[in-house]
Amino acid sequence: MRDIHARLKQRHHLGQFERQRPGLAFFTVPREYLRGLLLDLRDKEGFSHLVLLTAVDWMEEGLFQLTYMLNNRAEDVTFGIRVMLDREEAEGDSIHDLWPTAETYQRELKEMFGINFPGSPRIDDEFILEGWTDLPPYRRDFDSLAYSQQTYAERPGRVTHDPRAHMKQKLYPDGV
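Described below are features of the structure shown in this document. (Residues numbered from 1 in each chain as written. Predicted model: local features only at pLDDT ≥ 70, side-chain atom pairs only at ≥ 80, totals over all residues. Heavy atoms only, no water.)

1. Let's talk about the environment of leucine 39
Heads up, the condition is: A run of H or I in DSSP becomes a helix once it reaches four residues, and a run of E becomes a strand once it reaches two; helices and strands are each numbered from the N terminus. Buried means the residue's accessible area, taken with a 1.4 Å probe over protein chains only, is under 20% of the maximum for its type, while exposed means over 50%, and partly exposed covers the values in between. For this analysis, residues touch if any pair of their heavy atoms sits within 4.5 Å.
Tracing the sequence through the fold places leucine 39 in helix 2 (residues 34-43). Owing to a relative accessible area of 29%, leucine 39 belongs among the partly exposed residues under this scheme. Separated by 38 residues in sequence, leucine 39 and methionine 1 place their C-alpha atoms 18 Å apart. When near neighbours in sequence (up to four residues on either side) are disregarded, leucine 39 contacts Lys44 and Leu98.

Have a look at this one:
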């Protein structure tokens, strides 16, 4: 894996190699170099399978982290390529033309995080959250408690127990 990273580093602006376990490593690349790197990984290094495209909301830093998980099945090696995006102008580059399955991931990230991928097919079509008009729910500034209190009526008969006190009462009904 380090040899692949070393070869790629000669041609691309790669961040530090971070090995997670045998067969899995991560590194970060600036957004403007992502597409060239992905093409190189697919066409020259045998990373033919897009395993996953996901995001992390680093709200305090004002960033989103996109992680592209690519696998080379012949070598049983997976790379996680991270790209940092400005949270306020969250826009990634569509890679649906490189891996058609990326279209689905990109639609999900648009709907759940608000990260746009211009040019991706059906990017603005409703996908999971039909009729949703609020802040994207996977953003860390989305308040799920406030949303549920404003959206759903309180139902009688539902009681919330402090888990510790509830279990103590169940296990020791006589208070012993």
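So, next bit.
2. Some points on unusual backbone geometry
Its identity is not glycine, yet aspartate 76 carries a phi of approximately 55°, on the positive side. Its location among the elements puts aspartate 76 in the loop between strand 4 (63-72) and strand 5 (77-86). Aspartate 76 sits in the exposed class, given a relative accessible area of 60%. Unlike most non-glycine residues, arginine 122 shows phi in positive territory, near 60°. Here arginine 122 shows up in the loop between helix 3 (102-113) and helix 4 (144-151).

3. Digging into the environment of arginine 140
The topology assignment puts arginine 140 in the loop between helix 3 and helix 4. Relative accessible area serves as the criterion here: at 42%, arginine 140 is assigned to the partly exposed category. Spatially, the C-alpha atom of arginine 140 lies 9.4 Å from that of valine 56, the residues being 84 residues apart in sequence. Leaving out residues up to four positions away in the same chain, arginine 140 has contacts with Asp57, Trp58, Met59, Glu60 and Arg87.

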